[in-house]
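# Breakdown of the fold
Spelled out, the chains give:
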Amino acid sequence: MKVIRWIGKAIMWIVILFLGLTVGLTVLYRFVPVPISPLMVMRLVEQVEDGEQLKLAHKWVSMDEISKSLPHAVWASEDENFFEHNGFDFEAIERAMKENEKRGYNAFGASTISQQTAKNVFLWPSSTWTRKAFEVYFTVLIETFWPKQRIMEVYLNTIEMGDGIYGAEAVALEHFGCHAKDLNDNQAALIAASLPNPRVMNSGRPSSYMYKRQSFILRMMRNLGAYPVEEPEE
């Protein structure tokens, strides 16, 4: 019985510690920049293992230093219901499931910007159910503690945007020779077009497919209207 009680107490303290650390870190990142992500570390390890030169282009900038074209473009291409949902777009999930079932493989995803941000900041790239469960947990946390504009700001600063390139400022400098605040609609749409596979689709050297995606994203941007600079009212 003593062993059982000891195990029970150990589990209780592990849960308390996990909740304290994860909630505390989420609240902290509400106010301070995210210095590095698990994916950045994993990519560096891969570069070492492959004998490649280390590359980590990443510089945090605030939303005030990012052209409104970029959040507008990723809003249009990645998550048009971003300001309406609470982290999960169940209609998009249902559509993706039906389409994937029809095709016989997972051709479409339905991750929201909130889910992608949770994965980028706290987790590792994987398709296991364990990782997906943690993604749900962290998505709920950031939707609880962060306003939408903060979620977008963290997303734009941590998302992988090229080989060894992370965030708006780095991709603007590397691919367009300008700062993130100077990106125009066309450049932002190309960056958004690359996000499904940024190490293959280079926004600085776009393929014909990327130009087609760019045109589609620009149309979506016009349809959605201007990107809101303040939190939309419920």
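Residues numbered from 1 in each chain as written. Predicted model: local features only at pLDDT ≥ 70, side-chain atom pairs only at ≥ 80, totals over all residues. Heavy atoms only, no water.

So, about the sheet that holds strand β3 (residues 165-166). Reading across the sheet, the 3 strands line up as β1-β3-β2 and stay open at both edges, with mixed pairing between neighbours. Either end of the sheet is taken by a strand with one partner, and the two such strands are β1 (57-58) and β2 (160-162). Sheet topology places β2 next to β3; 2 bridges connect them, and they run antiparallel. Paired with Gly162 across the strands is Ile165, a residue of β3. (Pairing = 2+ DSSP bridges. Helix = DSSP H or I, 4+ residues; strand = E, 2+ residues; numbered from the N terminus.)

Turning to the environment of Pro125, a few remarks are in order. Tracing the sequence through the fold places Pro125 in the loop between α5 (113-122) and α6 (129-145). Look at Pro125 and you get partly exposed, because its relative accessible area is 42%. Sequence separation of Pro125 and Ala57 is 68 residues, and the distance between their C-alpha atoms is 19 Å. Filtering out sequence-adjacent residues up to four positions away, Pro125 remains in contact with Leu39 and Met42. (Buried < 20%, exposed > 50% of the residue type's maximum accessible area, 1.4 Å probe, protein only. Contact = heavy atoms within 4.5 Å.)

With that settled, the discussion passes to the nonpolar core. Soluble globular proteins: nonpolar side chains tend toward being buried together. Of all hydrophobic cores here, the largest spans 49 residues; its most connected members are Ile66, Leu70, Val74, Met152, Tyr155, Leu156 and Met161. For this core, the secondary-structure elements that each account for two or more residues are α3 (69-78), α5, α6, α7 (148-158), α8 (168-176), α9 (185-194) and α10 (208-224). For Ile66, the residues in contact, after removing those within four places along its chain, are Val61, Pro71, Leu156, Asn157, Ala168, Ala180 and Lys181. (Core = buried A, V, L, I, M, F, W, Y, C linked by side-chain atoms within 4.5 Å.)

Viewed as axis vectors pointing N to C, α3 and α7 meet at an angle of 95°, and their least axial separation amounts to 11 Å. As summarised for this structure, α3 and α7 are arranged roughly perpendicular, according to the angle between their axes. Contact residues: Leu70, Pro71, Val74, Trp75 and Glu78 in α3; Met152, Tyr155 and Leu156 in α7. Taken together, the residues of the contact of α3 with α7 break down into 7 nonpolar, no polar and 1 charged. (Axes fitted to C-alpha atoms, helices over the stretch in contact; angles between N-to-C directions. Parallel < 35°, antiparallel > 145°, perpendicular 65-115°, else oblique. Nonpolar A, V, L, I, M, F, W, Y, C, P; charged D, E, K, R; others polar.)

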